[in-house]
Amino acid sequence: MVERLYLPAIFKGMGITFSHMFKKKPTVNYPEETRPFSAVFRGLHILNRDEEGRERCTACGLCAVACPAEAITMEAAERQTGEEHLYREEKYAARYEVNMVRCIFCGLCEEACPKDAVYLSQTFAPANYGREGFIYKKEDLLIPNPVTDPEGFAKAKGTIPQAK
Ligand code: SF4
Ligand code: SF4
């Protein structure tokens, strides 16, 4: 009789429901909340500056040569007198582009760079409707200047946590 009223099954189901109410939620309220990335996560490229805010890249091309996806393009230029506060070395990248559609985020460019000028951050390329939007130019990749924007620099470096 009790079984015909489905009571055992109902109580069993309710028991499962209640037991889940007190467990830690596996979901997060993205994008307000984010989970920390793995320490080995490789995301969007950052072009680095030194502590004085000068661009580190010397346009040597080693990152482009190391890239198996041929995703990096650059043009070198000579530093002019009076530009010492902008560029660390005598040569710099007047143009530096990474094609994120081609990139496989292997990190070989970062490993190849002798100047600590490029690294893969813990952010990913946002969605876009066109291919052109995935070609990141130097202006998109350069880290904020630590002299004029120390907080932006620290955030990009990962030394202060991203806003949740
Ligand atoms: S992460 Fe790999 S594929 Fe992407 S630009 Fe660097 S070397 Fe090329
Ligand atoms: S990012 Fe590094 S390896 Fe690539 S061109 Fe600049 S200095 Fe050379």
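Our structure is the block above this text.
Computed from a predicted model, the values in this text were never measured in an experiment.

(A) Structural detail: a nonpolar patch on the surface. Taken together, the side chains of L5, Y6, L7, I10, F11, M14, F18, M21 and F22 present a nonpolar region at the surface, about 1,000 Å² in accessible area. On the secondary structure map, Y6 appears in the segment before helix 1 (7–21).

(B) Region of interest: unusual backbone geometry. Y30 connects to P31 through a cis peptide bond whose omega is 10°. By the element assignment, P31 lies in the loop between helix 1 and strand 1 (45–47). The backbone of F105 sits at a positive phi, close to 55°, despite the residue not being glycine. Along the chain, the position of F105 falls in the loop between strand 3 (91–99) and helix 3 (108–112).

(C) Molecular detail of the site of ligand 2. Looking at ligand 2, there are 14 residues lining it, with C57, C60, G61, C63 and C113 nearest. Split by residue class, the shell around ligand 2 holds 11 nonpolar, two polar and one charged.

(D) Examining the sheet that holds strand 3 more closely. Strands sit in the order 2-3-5 across an open sheet of three strands; the sheet is antiparallel. This sheet does not close on itself; its edge strands, each paired only once, are strand 2 (72–78) and strand 5 (135–136). Inspection of the sheet shows strand 2 paired to strand 3 by seven bridges, in the antiparallel sense. Note on strand 3: the bridge partner recorded for A77 is Y92.

(E) The pattern of salt bridges, seen in detail. One pass over the full model with this rule turns up seven salt bridges. A salt bridge links R88 to D50; its shortest N-O distance comes to 3.1 Å. Taken together, the positions of R88 in the loop between strand 2 and strand 3 and D50 in the loop between strand 1 and helix 2 (62–66) put the pair 38 residues apart, joining distant regions of the chain. For K115, the salt bridge goes to E89, with nearest N and O atoms at 3.3 Å. Placement of the pair is K115 in the loop between helix 3 and strand 4 (118–120) and E89 in the loop between strand 2 and strand 3, with a sequence separation of 26 residues. For K115, a relative accessible area of 30% puts it in the partly exposed group. On the basis of relative accessibility, which here comes to 24%, the residue E89 falls in the partly exposed class. Overlapping salt bridges bring together D50, E52, R54 and R88 as one network.

Criteria and thresholds
- Residues numbered from 1 in each chain as written.
- Chains lettered and ligands numbered in written order.
- Predicted model: local features only at pLDDT ≥ 70, side-chain atom pairs only at ≥ 80, totals over all residues.
- Heavy atoms only, no water.
- Patch = residues over 30% accessible without salt bridge, like charges linked within 9 Å, V, L, I, M, F, W, Y side chains within 5 Å.
- Areas by Shrake-Rupley, 256 points an atom, 1.4 Å probe, with all protein chains shown as cover.
- Salt bridge = Lys/Arg side-chain N within 4 Å of Asp/Glu carboxyl O.
- Helix = DSSP H or I, 4+ residues; strand = E, 2+ residues; numbered from the N terminus.
- Near = heavy atom within 4 Å.
- Nonpolar A, V, L, I, M, F, W, Y, C, P; charged D, E, K, R; others polar.
- Pairing = 2+ DSSP bridges.
- Buried < 20%, exposed > 50% of the residue type's maximum accessible area, 1.4 Å probe, protein only.

Structural measurements only, silent on function.
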